[in-house]
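Fold and contact review
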Amino acid sequence: MKLRILLPTCLLLASSALAPVLASAAEPVLRFAILGDAEPKPKAEFPGLAAAVGHVNHLTDTLDLDFVIGVGDIAHKGTELQYDAVTPVLQRLTLPFYPIMGNEEHGSSVERYMQYAQRWNEGKVEIEGPSYVKEFEQLALVMASPNEGRDFNDEGVAWVKQQIQQLHPKPVLLVVHGAPAGTFPECADKGIHHPGFAEVSVQPNLIAMISGDLHMDLNRTEHSKQIDGVHHLHIPALERTKIPDEDQHVPMFRVLTVMDDDQVLVDTYQVGLDGPLQQHDYRFSLKR
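Chains are numbered independently. Their residues run from 1 in the order of the written sequence. This being a predicted model, a pLDDT of at least 70 is required before a residue's local features are given, and a value of 80 or more before pairs of side-chain atoms are given or counted; all residues contribute to the totals for chains, interfaces and linings. Note that the side-chain values use all heavy atoms of the structure and ignore hydrogens as well as water.

Another aspect to go through is unusual backbone geometry. Between histidine 168 and proline 169 the backbone carries a cis peptide bond, its omega angle lying at 10 degrees. Secondary structure elements follow DSSP: runs of H or I of four or more residues count as helices, runs of E of two or more count as strands, with numbering from the N terminus. On the secondary structure map, proline 169 appears in the loop between helix 5 (154-167) and strand 6 (172-175). Isoleucine 243 connects to proline 244 through a cis peptide bond whose omega is 5 degrees. Along the chain, the position of proline 244 falls in the loop between strand 9 (230-234) and strand 10 (252-259). Look at histidine 215: it is not a glycine, yet its phi comes out positive at around 55 degrees. With respect to the helices, strands and loops of the structure, histidine 215 is situated in the loop between strand 7 (206-211) and strand 8 (224-227). Although it is not a glycine, aspartate 262 adopts a positive phi angle of roughly 75 degrees. Looking at where aspartate 262 falls in the secondary structure, it is placed in the loop between strand 10 and strand 11 (263-270).

A separate point is the pattern of salt bridges. Salt-bridge detection follows one rule: a side-chain nitrogen of Lys or Arg within 4 Å of a carboxyl oxygen of Asp or Glu. The final tally for this structure, using the stated rule, is 11 salt bridges. Lysine 170 serves as the salt-bridge partner of glutamate 135, at 3.0 Å between the closest nitrogen and oxygen. Note that glutamate 135 is positioned in strand 4 (residues 132-135) and lysine 170 in the loop between helix 5 and strand 6, a separation of 35 residues in sequence. Of the charged contacts in the structure, one is a salt bridge between arginine 283 and aspartate 281, with a shortest N-O distance of 3.8 Å. Relative accessible area serves as the criterion here: at 38%, arginine 283 is assigned to the partly exposed category. Residues joined by salt bridges that share partners form a network here, namely Asp217, Arg220 and Asp245. Type-normalised accessible area, obtained with a 1.4 Å probe on protein chains alone, sets the label of each residue: buried when under 20%, exposed when over 50%, and partly exposed for intermediate values.

This is how it looks when you write it as structure tokens:
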């Protein structure tokens, strides 16, 4: 006769209770905030960005943030009026701010953008150029400004591809202003159209693309997705929402946390509210 061994109920409950503990055993090794498009119109006023800066500064102590990145489109049409108005706002960030250009900055010159990018980081870090690489132990950020408008030219595509290849096998998160056209069908015509960019998307160590540009309402769009092995994360605009309409605007920003088990946690914060919005949680692995 076969003996049946029954575990006490208390042991079964203890075993099930251990699951979330074990699942959460990983530790964060890198954490940064991402700010989306700001360019206000018609007035050079930045209430959403200013509130987000204050919120990020508050989180810096509780979450131990390392830095902040920006996905472009800060100064509408790249005017000095807008640059001058936003500079004291961004200078209030307590952390280094790593931005890229957007199509709005291309309304003026790269030289003007670089001049102000250095001012935003005075006493913190120096921005190497409109495009640059930030490398860390577990991953690298390729910060790629567009060459014209929101698109890349041949040289720009070649530079992005070369950086990703040189970093192989290290996982790469690519920060661009606009996603490849069609990535977000809510506004499929906008984005990167250069045919050579397809060679960037298939690089085996490219894990995710982080972009803004579309001003999408996260509550009414599909803002985070995986396409052909690459994760695409939309960063919402801080001053104006355009898609699916301009009737509702809720300023938000996102925070990425890299864990020591190669998991990446994406949290979304509504400016001024404590705690991330659970409905916008997204997770992915650095292993493609």
